[in-house]
Amino acid sequence: MIVWLGGALLLVSVLVLISFWRIRLRSKRDVKYPKSLPSLPVIGSLLHLGSHLPPHILFCNLQKKYGSLFSFMMGSHYVVIVNNHEDAREVLLKKGKTFAGRPRTVTTDILTRDAKDIAFGDYSPSWKFHRKMVHSALCMFGEGTVAIEKIISREAASLCQTLSSFHTVSLDMAPELIRAVTNVVCSLCFNTRYDRGDAEFQTMMDYSKGIVDTVAKDSLVDIFPWLKIFPNKDLDTLKKSVAVRDELLAKKFKEHKDAFCSETVSDLMDALLKAKLSLENNNSNTSQEVGLTDDHILMTVGDIFGAGVETTSTVLKWAIAYLLHYPEVQRRIQEELDAKVGLSRYPLLSDRKILHYTEATISEVLRIRPVSPLLIPHVAFKDSRIGEYDIPKDARVVINLWSLHHDEKEWVNPHLFNPDRFLDENGDRLSSPSQSYLPFGAGIRVCLGEALAKMEIFLFLSWILQRFTLEVPAGNPLPDLEGKFGVVLQVKPFKVIAKLREVWENNEITT
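This report concerns the structure included in the present document.

Conventions we followed
Every chain's residues receive numbers from 1 upward, in the order its sequence appears when written. In view of the model being predicted, local features appear only for residues whose pLDDT reaches at least 70, and side-chain atom pairs are presented and counted only at 80 or more, with totals across whole chains, interfaces and linings using the full set of residues. Only hydrogens and water are removed before side-chain values are computed, so all heavy atoms of the structure are retained for them. Axis geometry follows a simple rule: fit a line to the C-alpha atoms, using only the stretch in contact for helices, then measure angles between N-to-C directions, giving values from 0 to 180 degrees. The way it works is that DSSP assigns letters per residue, a run of H or I at least four long becomes a helix, a run of E at least two long becomes a strand, and they are numbered from the N terminus. Any two residues whose heavy atoms approach within 4.5 Å are treated as being in contact. Gly falls in the polar group here, along with every residue not listed as nonpolar (Ala, Val, Leu, Ile, Met, Phe, Trp, Tyr, Cys, Pro) or charged (Asp, Glu, Lys, Arg). Nonpolar side chains (Val, Leu, Ile, Met, Phe, Trp, Tyr) within 5 Å and like charges within 9 Å form the patches, drawn only from residues with over 30% relative accessible area and no salt bridge. Accessible surface is estimated by sampling points in the Shrake-Rupley manner with a 1.4 Å probe; for residues, cover comes only from the protein chains shown. Within this document, salt bridges are pairs made up of a side-chain nitrogen of Lys or Arg and a carboxyl oxygen of Asp or Glu, the two lying within 4 Å of each other. A 1.4 Å probe rolled over the protein chains alone gives each residue an accessible area, and that area as a share of the maximum for its type sets the label: buried under 20%, exposed over 50%, partly exposed in between. Whether two strands pair comes down to DSSP finding at least two bridges between them. When two rings of Phe, Tyr or Trp (its six-membered ring) have centres within 6.5 Å they constitute a pair, described as stacked for plane angles under 30 degrees, edge-to-face for angles over 60, and tilted for the intermediate range. In these notes, a set of buried Ala, Val, Leu, Ile, Met, Phe, Trp, Tyr and Cys residues joined through side-chain atoms within 4.5 Å is what counts as a nonpolar core. Here the expected span of a helix is defined as 1.5 Å times the quantity of residues minus one. The term disulfide is used for any two cysteine sulfur atoms that are within 2.5 Å. For the purposes of these results, a polar contact is taken to be a pair of N or O atoms within 3.5 Å, where, inside protein, one atom must be able to donate a hydrogen and its partner to accept one; residues adjacent in sequence count only when each atom of the pair is a side-chain atom.

## Describing the packing of helix H15 (residues 327–340) against helix H16 (residues 356–368)
The relative placement of two packed helices comes down to the angle between their axes together with the axis-to-axis distance.
Item 1. It is at 8 Å that the axes of H15 and H16 come closest, and there the two elements cross at 145°. Together, Val329, Arg332, Ile333, Glu336 and Lys340 of H15 and His356, Tyr357, Thr358 and Thr361 of H16 make up the contact between the two elements.
Item 2. Partitioned by chemical class, the residues of the contact of H15 with H16 number three nonpolar, three polar and three charged.

See the structure below:
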């Protein structure tokens, strides 16, 4: 009897295990993950990602074998690459909050004091509060208002004056473009500006280069954090650059604290200080709950300052590089400026409505050379889906903007520079000829400085081309159009001659 009972129990146990195994097998069959690159223990798919190609182009090519949505293991991290606009819009718009997380890495933690900024900070009450504060501060100047237009135009005038002093002499325009954009952002963040040759500005240029060259590039130390215990030249460069940046930010912060008056809020740092003091005076714990500490204020300002300068100046450098390659595009912009703005005044923001070809050219620059070809990775807060595929919680999702902007199904000859693709048959501006155009991202993590960047790019470019014709110095090669991959797609240095146009030789505008 006992033997019989034991056998029965064993049989029941086996049947239960078989049923459990079948249920598990069935549930696994129901799960459909994106096709994956081969993977090995510990290192993941790294051996299959080694290539002379930059990541955005490599990922674009890999979709021919693995599909437009594929995955791989980056060490222990599961990464999903999105190469088409339907899936990108699902991640950014339809399921924006589900995929609103950010990965923590060694380099970005050094840059942001453990993700206390906006760009690399996780989606949270603190992040939402800071983003709202920055948005409110930027709205003090307001898109299209006299205040912001006056600031940008002042810097455009200064830039044109510098170019005039170099008439017929070749120069690298990059430092001058960076200084012009820096001064706009400085006005917003600190209510200050830099003159040409300012030592502090040069310091800023040096630390910015150190950061751009080393941060968020999926270096080995970001994949295997334990490697930070070993000597690392890039990590040392990043730490030194961040230390210099933080010293400058701390100096600006102290100056603002010492001179602060709640009745006169004139810049972003003042606005954040006022919010912090208001919460403290009300004996509120909110400042801790939302992270309104000195560190958060410094990192938020540093984030807007750093990102605002690097991205906009990079777009301007790409625009000039392409105009040197396509002088006929430059001529058409100048003809449009002459016909619709004339010689009696400088371009205004309101002219964006009538300078269709100029705006189309800017759009084409943003398409063909997106400033961030790979958007900052998103992280899934929970198990979800993208299209027909299951995406597990904590997966890193990367939007390959390069692939979207060079998709042959969406763009005719996508590798050709053609501003006309952004115009209709009447020559009027098209906001976007394809849903595959997302130069600033989309959704809750869309670029906060999109409106400001568009204003700056338009005014700087139109002011320059109204007065100057840009040419390659004799004997110099045309600018390299491949770029250097990093946190932004950097333009390799090139020389240019800014020749004063004949119609401007005896023309002056009185303001």
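The discussion continues.
## A word on a nonpolar patch on the surface
Item 1. A grouping of Trp226, Ile229 and Phe230 is seen on the molecular surface, where their side chains present a nonpolar patch of about 390 Å² in accessible area.
Item 2. Turning to its location among the elements, phenylalanine 230 is positioned in the loop between helix H10 (220–223) and helix H11 (233–259).
Item 3. Here phenylalanine 230 falls in the partly exposed class, since its relative accessible area comes to 45%.

## With respect to the pairing of strand S8 (residues 468–471)
Side-chain positions along a regular strand alternate between the two faces of the sheet.
Item 1. Residues Phe468 and Leu470 point to one face of S8 and are all buried, whereas Thr469 and Glu471, pointing to the other face, are not buried.
Item 2. Bridge count between S8 and strand S9 (residues 497–500): four bridges; the pairing is antiparallel. Bridge pairing in S9 places leucine 470 opposite alanine 498.

## Thoughts on the packing of aromatic side chains
Item 1. Here the structure, examined in full by the defined rule, presents 15 aromatic pairs.
Item 2. Plain terms: the ring middles of tryptophan 318 and tyrosine 322 are 6.4 Å apart, the flat faces sit at 45° to each other, and that makes the pair tilted. One end of the pair, tryptophan 318, and the other, tyrosine 322, are both in helix H14 (residues 294–325), four residues apart, so they sit about a helical turn from each other. Per residue, the accessibility class of tryptophan 318 equals that of tyrosine 322, and both read buried.
Item 3. The structure contains a cluster of three or more aromatic residues connected by ring pairs, namely Phe59, Tyr66, Phe70 and Phe72.

## Overview of the nonpolar core
Item 1. Counting residues in hydrophobic clusters, the biggest one holds 108 residues, and the most contacted among them are Met173, Val301, Phe460 and Leu470.
Item 2. Ranked by the residues each element gives to this core, the list is headed by H14, at 16 residues.
Item 3. Leave out the neighbours within four places in its chain, and valine 301 touches Cys189, Phe190, Leu249, Leu268, Met269 and Leu272.
Item 4. Listed in part, the 19 residues of the second largest apolar core include Tyr78, Ala88, Leu375 and Ile386.

## A look at the sheet that holds strand S4 (residues 378–379)
Item 1. A sheet is described by the order of its strands in space; here five strands give the open sequence S1-S2-S3-S7-S4, paired in mixed fashion. In the strand order of this sheet, the two ends are held by strand S1 (35–36) and S4, each with one partner.
Item 2. Lying over the sheet, helix H3 (residues 55–66) contacts S1, strand S2 (69–74) and strand S3 (77–82), oriented at roughly 110° with respect to S2.
Item 3. Strand contacts of helix H4 (residues 85–94): S2, S3, S4 and strand S7 (396–399), with the helix running at about 125° to S7, the strand carrying the most contacts.

## A few points about helix H8 (residues 174–189)
Think of an α-helix as turning once every 3.6 residues; residues three or four places apart then point the same way.
Item 1. A rise of 1.5 Å per residue sets the reference length of H8, with its 16 residues, at 22 Å; its end C-alpha atoms lie 22 Å apart and thus fit the reference within 8%.
Item 2. Burial of H8 is extensive: 15 of the 16 residues sit out of reach of the surface.
Item 3. Where H8 terminates, the next one or two residues include asparagine 191, which has phi positive at roughly 60°.

## A short note on the state of the cysteines
Item 1. Under the criterion given, the structure shown has zero disulfides.
Item 2. The closest cysteine sulfur to the non-disulfide-bonded cysteine 189 is located on cysteine 186, 7.3 Å from its own sulfur.
Item 3. Residue classification places cysteine 189 among the buried positions, given a relative accessible area of 0%.

## Structural notes on the pattern of salt bridges
Item 1. Under the definition given, this model contains 28 salt bridges.
Item 2. Here arginine 113 makes a salt bridge to aspartate 246, at a shortest N to O gap of 3.2 Å. Of this pair, arginine 113 sits in the loop between helix H5 (106–112) and helix H6 (125–139) while aspartate 246 is found in helix H11, placing the two residues 133 residues apart along the sequence.
Item 3. Note on arginine 113: relative accessible area 24%, which makes it partly exposed.
Item 4. Residue glutamate 450 is joined to lysine 454 by a salt bridge in which the shortest nitrogen-to-oxygen separation is 2.9 Å. Of this pair, glutamate 450 and lysine 454 are both found in helix H18 (residues 450–467), four residues apart, which corresponds to roughly one turn of the helix.
Item 5. Here glutamate 450 falls in the partly exposed class, since its relative accessible area comes to 23%.

## Side note on the environment of isoleucine 320
Item 1. Among the secondary structure elements, isoleucine 320 is positioned in helix H14.
Item 2. Isoleucine 320 gets classed as buried once you look at its relative accessible area, which sits at 1%.
Item 3. Spatially, the C-alpha atom of isoleucine 320 lies 9.9 Å from that of leucine 465, the residues being 145 residues apart in sequence.
Item 4. If we ignore the near neighbours within four places in the chain, the residues touching isoleucine 320 are Met173, Leu177, Leu470 and Phe494.

## Comments concerning the environment of lysine 340
Item 1. Considering the arrangement of structural elements, one finds lysine 340 in helix H15.
Item 2. Once the C-alpha coordinates of lysine 340 and isoleucine 354 are considered, the two residues, 14 residues apart in sequence, prove to be 7.3 Å apart.
Item 3. Contact partners of lysine 340, with chain neighbours within four places excluded, come to Arg345, Ile354, Leu355 and His356.
Item 4. Among the polar contacts listed, one links the side chain of lysine 340 to the backbone oxygen of isoleucine 354, at a separation of 2.7 Å.

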